[in-house]
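Survey of secondary and tertiary structure
Residue-level listing of the chains:
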Amino acid sequence: MFPRPLTPLASPKGAEPLGRTPRRSPLSRARAGLGGPPLLLPSMLMFAVIVASSGLLLMIERGILSEIKPLPLHPPSHKGAAWRGTAPKPGGLSLDAGDSDLQVREDVRNRTLRAVCGQPGMPRDPWDLPVGQRRTLLRHILVSDRYRFLYCYVPKVACSNWKRVLKVLAGVLDNVDVRLKMDHRSDLVFLADLRPEEIRYRLQHYFKFLFVRDPLERLLSAYRNKFGEIREYQQRYGAEIVRRYRAGAGPSPAGDDVTFPEFLRYLVDEDPEHMNEHWMPVYHLCQPCAVHYDFVGSYERLEADANQVLEWVRAPPHVRFPARQAWYRPASPESLHYHLCNAPRALLQDVLPKYILDFSLFAYPLPNVTREACHQ
């Protein structure tokens, strides 16, 4: 069903089939003293993020990032890459020079990424990850063998439209405007469907990209959609949230009236590695230390970035990224500001550390919820 690698590669040392538990976990190796770098404890990781993000935090304090203009159509490149300083995979791609605002973002991303991912114990490869994290990663990377690219999908960052594009490129759909309910699994190939040597080959030779969004804006979008419109989520998650965090809720709440602060309290108590994918941090979904992405697009300039990617992978001219529907009203910065200003400050302080890597690695400013900002 899947094409063989052009050059057969041996399975990475220590690689295990996706559903099989490794014989010895990294933690047990560290405890047994059998070589390998020591694991990076959460407190150490947080310290590394804080140190690496010092430039970002300083820029936030000075209000620089809040004034950055929309990113230019063609991101700049120092060595032919959009983000990580490596040559793009499709042959001979080059990026035009952009303005200084994008260079600031790129510099912050690269500096923070190098500092965080360079720490001892951080993964350099998907097979460095614990089996559960590796399973999550491989289940979120979509494969196009025809156009030789890998796309790590992030829910609430236009992933449904990207899946529609992949189905058009695979010949399953005639065009991106076909009106049908999106099936998020059928007619799509995920890295998790392949054997270790096939995964390794594609990670080394295919163009790899993902799209990111302001972390809190993404949370607000998930909250509005899942608890305001989707009955399944109201019953599965909403009812439990109300039972946990609302006094006098009763034993069988409907779950269709979860408040945003209640949702935030739920996130505070959740382990990021086991969250639902719609609010799991991007870092845990796509593992940017274990996978060397060639490009990171932004939701804030979705159409331009998406069509640039289609150009890079040499998609047919008639394949374009779907335009946003006229009826769709995404979570806006103004709406986010309103919800954050009406949430308890202590609650925000507990939620933000769970998404600090998404803020720092992808150069998103932390929210300004001072009294002065909230009364403007």
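What counts, and at which threshold
- Residues numbered from 1 in each chain as written.
- Predicted model: local features only at pLDDT ≥ 70, side-chain atom pairs only at ≥ 80, totals over all residues.
- Heavy atoms only, no water.
- Helix = DSSP H or I, 4+ residues; strand = E, 2+ residues; numbered from the N terminus.
- Buried < 20%, exposed > 50% of the residue type's maximum accessible area, 1.4 Å probe, protein only.
- Contact = heavy atoms within 4.5 Å.
- Areas by Shrake-Rupley, 256 points an atom, 1.4 Å probe, with all protein chains shown as cover.
- Pairing = 2+ DSSP bridges.
- Axes fitted to C-alpha atoms, helices over the stretch in contact; angles between N-to-C directions.
- Phe/Tyr/Trp six-rings, centres within 6.5 Å; stacked < 30°, edge-to-face > 60°.

1. Re the overall build of the protein
- Counting its secondary structure elements, the protein contains 16 helices and four strands.
- Counting all 376 residues of the protein, 49% fall into the buried class.
- Within the protein, residue pairs in contact and separated by at least 24 positions form 72% of the contacts whose partners lie at least 6 positions apart.
- Total accessible area on the protein is roughly 18900 Å²; 52% of this is exposed by carbon and sulfur atoms.

2. Some thoughts on helix α6 (residues 159–169)
- The element α6 is largely enclosed, with a buried count of nine among its eleven residues.
- Along α6, the residues classified as buried are C159, W162, K163, R164, V165, L166, K167, V168 and L169.
- Next to the buried residues of α6 lie β1 (141–144), β2 (149–152), β3 (207–212) and α12 (302–312).
- Of the residues trailing α6, G171 is marked for its positive phi of about 85°.

3. Focus on the sheet that holds β1
- Judged by pairing direction, the sheet is mixed, and its four strands sit side by side in the order β1-β2-β3-β4 without closing on themselves. Of all the strands in the sheet, the pair left with one neighbour each is β1 and β4 (295–298). Shown here is a sheet whose adjacent strand axes are inclined to one another by a mean of 25°, direction ignored.
- Inspection of the sheet shows β3 paired to β4 by four bridges, in the parallel sense.

4. Quick notes on the packing of aromatic side chains
- Inspection of every chain in the model, using the stated rule, returns 24 aromatic pairs.
- Aromatic side chains Y223 and F227 sit 6.1 Å apart centroid to centroid with 45° between the ring planes, which places their arrangement in the tilted category. Separated by four residues within a single helix, Y223 and F227 lie in helix α8 (residues 215–229), roughly one turn from each other.
- Note on Y223: relative accessible area 14%, which makes it buried.

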